[in-house]
Amino acid sequence: NAVGTAFGGTIMSWIDICGAICAQRHGGRVAVTAFVDDIAFVAPIRVGDVVVLEARLNAAFRTSMEVEVVVQRED
């Protein structure tokens, strides 16, 4: 954007894709995001930073899963 940082919506899209990959690997079929519990932008991601996304399955139920995605940036 104009100040050299990533748009929050772009980061949210990456989080959604990463979480879907985690859920689909666990469930063995297509998964969709039904709810986002919480999201907090702590520090900006600047042009040239490397972004690392890590997803993990926290809970699995009969028809749903809880997936946590952590986003980190490397200078």
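Here the structure is shown first, and the text comes after it.
Quick notes on the rules
- All residue numbers refer to position in the chain's written sequence, counted from 1.
- This being a predicted model, a pLDDT of at least 70 is required before a residue's local features are given, and a value of 80 or more before pairs of side-chain atoms are given or counted; all residues contribute to the totals for chains, interfaces and linings.
- Side-chain measures were taken over the full set of non-hydrogen atoms in the model, leaving aside hydrogen atoms and water.
- Should DSSP find at least two bridges between two strands, the strands are regarded as paired.
- Per the convention used, a helix needs a DSSP run of H or I reaching at least four residues, while a strand needs a run of E reaching at least two, with both numbered from the N terminus.
- Under the scheme applied here, a residue whose accessible area is under 20% of the maximum for its type counts as buried, over 50% as exposed, and between as partly exposed, the area being computed with a 1.4 Å probe on protein chains only.
- Pairs of residues are marked as contacts when any of their non-hydrogen atoms sit within 4.5 Å.
- Just to be clear on terms, a salt bridge is a Lys or Arg side-chain nitrogen sitting within 4 Å of an Asp or Glu carboxyl oxygen.

A. Expanded view of the pairing of strand 2 (residues 65-74). Where strand 1 (residues 50-60) lies against strand 2, 10 bridges are found, and the strand directions are antiparallel. Looking at strand 2, one finds that A60 is bridged to M65. Here strand 1 folds back onto strand 2, and the loop between the two strands holds 4 residues.

B. Representation of the side chain of T5 in the model. Structurally, T5 is set in the segment before helix 1 (8-27). Judged by relative accessible area, which is 16%, T5 ranks as buried. When near neighbours in sequence (up to four residues on either side) are disregarded, T5 contacts P44, I45 and R46.

C. Just the pattern of salt bridges, in detail. Throughout the structure, instances matching the rule amount to 2 salt bridges. For the salt bridge of R73 with D49, the shortest nitrogen-to-oxygen distance reads 3.3 Å. With R73 in strand 2 and D49 in the loop between helix 1 and strand 1, this pair connects stretches of sequence that are 24 residues apart. E68 is the salt-bridge partner of R56, the closest N and O atoms lying 2.8 Å from each other. Taken together, the residues R56 in strand 1 and E68 in strand 2 connect sequence positions 12 residues apart. Judged by relative accessible area, R56 falls into the partly exposed class, the value being 45%. Of the residues examined, E68 reaches a relative accessible area of 28% and is grouped as partly exposed.

Just distances and angles here, no functional claims.
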